[in-house]
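Spelled out, the chains give:
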Amino acid sequence: MSTELNKARHRIAELTAEIRDHQFKYYVLDAPTITDAQFDALLKELQHVEAKFPELLEPDSPSLGVGGGFATTFAQHDHIEKMMSLDNVFDENELGAWFDRVEKESPSPEFLCELKVDGLAINLLYQDGQLVRALTRGNGTTGEDVTLNVKTIKGLPHTLTGKKVPSLIEVRGEVFLPVAAFSQLNEELEEAGKPLFANPRNCAAGSLRQKDPRITASRPLQIVVHGIGAVDGLQLESQSDAYAQLKALGLPTSSRFTVATTRKEVLAYIENYNLHRHDVEHEIDGVVIKVDHIAEQKKLGFTSRAPKWAIAYKYPPEEVTTKLLDIKVSVGRTGRVTPFAFMEPVKVAGSTVTNATLHNQEEIERKGVLIGDTVIIRKAGDVIPEVLGPVKEKRTGKEKAFVMPSKCPECASALRAISEGDVDIRCPNSRSCPAQLRERIYYIGSRAALDIDVLGYEAAVALLTDHIITDEADIFALTEAKLMKSEFFTKKDGTKGKNLEKLLAALDTAKSRPLWRVIVALSIRHVGPTAAQALANHFGSMKAISQASQDELAAIDGVGDVIAQSIIEWFTVDWHRNIITAWEKAGVLMVNQKSADVPQTLAGLTFVVTGGLQGFTRDSIAETITAHGGKPSSSVSKKTDYVLVGEDPGSKLAKAQELGVAIIDEARFLELLAGK
């Protein structure tokens, strides 16, 4: 009987682990890998075994719950092998002294150079190939358990692959948020009137410290591994060999490391990424240099806190100080009133800056910024100037607090919050506020919307100032005669200029843009390219979207309740509907066109694209897939038919390998496109 009992105990443990894993994929990741019937069979077997051996029934058995209650408790656990820190150097002299110390013990070493990702350190424990625990660094000895949250990171395998899977391995890595994703997330938070993250690292840390892993799953976190702690079952000769073996196990490693044989090569690597640090998808704050060979690492040893065989060369922070002369406000295309800093000109990250966003009144108060302060600024993501805070020691007492205006600076309408608890205030005069109208016209011509050549900011100002158009409904009714009334579109002698001909030609081309781009161009609050594509693909026409109920809209993947409500509200406004009527009358495409001239060679196929392609931009590849009957998707799942891989692919490639999804290059995609 004891043998049968032990078999039952073992089977219950197997079933419990398998069921929990499938529940996690279903409830948290929204990416089930088995059918409901298969899941029910597993649960039924567990119930059967527990009924036969009631003494083995545990109070937390999946058979007793509904399955969706996953929460992170941040329990403390010890690392098997201590997670060390790195010592830092800040110039070539300090780095040279480190070289001297290393070469004294280990003559003519080879050095592995890699980027120092500015993220959150993590320790992953795999046993028999299964990810069983993920811990933060903590104090180096003990970290917090964030396993459920880490399991939501796309591209991180829950099960190791390859021919030589170790029985136990601690993998060290860095969790980060790509700069582009960080900017997009903050834009969405700002639009929703929610607090913003200060930088990508804080966002990554905050995302991993969510008690509900579904929130973490909604953030586009990525991970790169760069080291090994305790290990049983792998023989490693060098750091570079370790990276090759980690990659073979299916783990996301960086392709940007190099092995250098001389100090000169190390310095060249440091200088290269100092010049190109902003070309990397994630933030970096330096370069890590490690002695490559493991035997030499062991010979050099450790201090109490850091390995002697590794060093971090830190780049100087790209932060500067300047005088905050005033705080002004701007009005955006959806009416949001945004305060911005007007400063003495200062050069940062290669360009001269005079303005920087301050987001809203609450953000100004949180940062404690006063007009007249000396402030610290940097370029967030090296694109958007950001005020970090004041230098309080330099205050003279003449500084004054900013007060948000009560009236729109452009049309004098009374400003107000759209909804209770909204930290943003808006100008309600959406139809005729000059600022909103100007920004909407400009946005229509942008690459994010209809990509109309010439229709930039200056052209938008000219069209409105010279009374050629009243609002966006008039855009596609422009003629040569109308444009001749503006100096912007004519030469000094009064004859038509190049801008006139270019704009009319571009407008004609824009009429055949895909439906999703037309939706984006309407400046419906919260509706960006992702939601617009989901709407266009699901409904197929502007008319169907306008007639859909809020529940029907919200049910679409990529839309949800907030966007659905915004769409419903937009279509209730008469002059909004007039825009669509005028554009449609002018010949703008209002349906998802499937022309007989475009063979539906990709019909029924779902594609995920990662990396840069030679023949397509990010938007054009999505349009090509859609036009040929396929479906572009942003995430890899079992439902994905193909992952199209270009240059410098991201974590989606690893996810495809983990799930066994077909991986193709651009040449094979073109063959599929041709029906081969």
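A few points on the structure. This structure is a prediction, so every number in the text was calculated from the model and none was measured.

### Comments concerning the pairing of strand 13 (residues 336-348)
The pairing of strand 12 (residues 319-331) with strand 13 spans 7 bridges and is antiparallel. Residue pairing in the sheet places K328 in a bridge with F340 of strand 13. Linking strand 12 back to strand 13 in an antiparallel pair, the connection comprises 4 residues, with G335 at a positive phi of about 95°. One ladder, built from 2 bridges, connects strand 13 with strand 17 (residues 425-426); its direction is antiparallel. The residue of strand 17 that forms the bridge with V337 is I425.

### A short note on the packing of aromatic side chains
Overall, the coordinates contain 14 aromatic pairs when judged by the stated rule. Measuring from centroid to centroid gives 5.6 Å for W98 and F99, while their planes differ by 50°, and the two rings are tilted. Of the two residues examined, W98 and F99, each falls in the buried class. Residues F607 and Y642 carry aromatic rings whose centres are separated by 5.5 Å and whose planes lie at 20° to one another, so their mutual orientation is stacked. Of the two residues, F607 sits in strand 18 (residues 606-610) while Y642 sits in strand 20 (residues 642-645), which places them 35 residues apart along the sequence. For the residue pair F607 and Y642, the accessibility class agrees, reading buried in each case. In this structure, K328 packs its charged tip against the face of F342, placed 4.3 Å from the ring centre. Looking at R333, its charged tip hangs above the ring of Y443, at a distance of 3.6 Å from the centre.

### Observations concerning unusual backbone geometry
One non-glycine residue, H359, lies in positive phi territory at about 70°. Residue placement: H359 occurs in the loop between strand 14 (351-357) and helix 11 (361-367). A positive phi angle, close to 55°, is found at S523, a residue other than glycine. Looking at S523, the relative accessible area reads 8%, which means it is buried.

### Some remarks on the pattern of salt bridges
One pass over the structure, following the stated rule, counts 23 salt bridges. R366 serves as the salt-bridge partner of E363, at 2.9 Å between the closest nitrogen and oxygen. One end of the pair is E363 and the other is R366, both in helix 11 and 3 residues apart, which spans about a single turn. Judged by relative accessible area, which is 53%, R366 ranks as exposed. A salt bridge links K496 to E480; the nearest nitrogen and oxygen atoms lie 3.4 Å apart. Taken as a pair, K496 in the loop between helix 14 (480-483) and helix 15 (498-510) and E480 in helix 14 lie far apart in primary sequence, 16 residues in all. The partly exposed category is assigned to K496, whose relative accessible area is 33%. Overall, the relative accessible area of 37% leaves E480 in the partly exposed class. Each member of the salt-bridge network shares a partner with another, and the members are E363, R366, K367, R378 and E386.

### Concerning helix 24 (residues 666-673)
Where helix 24 is concerned, the buried positions are E666, F669, L672 and L673. Along the long axis of helix 24, the arc covered by the buried residues comes to 110°, so they all point the same way. One or two positions beyond helix 24, positive phi appears at G675, with a value near 85°.

### What about the sheet that holds strand 20?
Strand order in the open sheet formed by 4 strands is 19-18-20-21, with parallel pairing between adjacent strands. Both outer strands of the open sheet, strand 19 (631-633) and strand 21 (662-664), are each paired with one neighbouring strand and no more. If you compare each strand with its neighbour and ignore which way they point, the axes differ by 30° on average. With 3 bridges connecting them, strand 20 and strand 21 associate as parallel partners. Counterpart to L644 in the pairing with strand 21 is I664. The strands touched by helix 23 (residues 651-659) are strand 18, strand 20 and strand 21; relative to strand 18, the strand with the most contacts, the crossing angle is about 135°.

So, how was this worked out
- Residue numbers restart at each chain and count upward from 1, following the sequence in its written direction.
- The model is predicted, so local features are restricted to residues of pLDDT at least 70 and side-chain atom pairs to those at 80 or more, both for listing and for counting; the totals for chains, interfaces and linings are taken over all residues.
- Each side-chain value is worked out from all heavy atoms of the structure, with water and hydrogens disregarded.
- Two strands make a pair as long as DSSP finds a minimum of two bridges between them.
- Strands here mean DSSP runs of E at least two residues long; helices mean DSSP runs of H or I at least four residues long; both are numbered from the N terminus.
- Between the rings of Phe, Tyr and Trp (Trp by its six-membered ring), a pair exists once the centres lie within 6.5 Å; its type follows the angle of the planes, with under 30 degrees stacked, over 60 edge-to-face, and the other angles tilted.
- Note on classification: 1.4 Å probe, protein chains only; a residue is buried when its accessible area is under 20% of the maximum for its type, exposed when over 50%, partly exposed between these limits.
- For a Lys NZ or an Arg CZ to count as sitting over a ring, it must be within 6 Å of the ring centre and within 35 degrees of the ring normal.
- Here a salt bridge means any side-chain nitrogen of Lys or Arg lying within 4 Å of a carboxyl oxygen belonging to Asp or Glu.
- Working definition: the arc comes from the directions between the helix axis and the C-beta atoms, pointing outward to the latter.
- Convention adopted: a line fitted to C-alpha atoms gives each axis, helices being fitted over their contacting stretch, and angles between N-to-C directions are expressed from 0 to 180 degrees.
- In what follows, a contact means two residues having at least one pair of non-hydrogen atoms within 4.5 Å.

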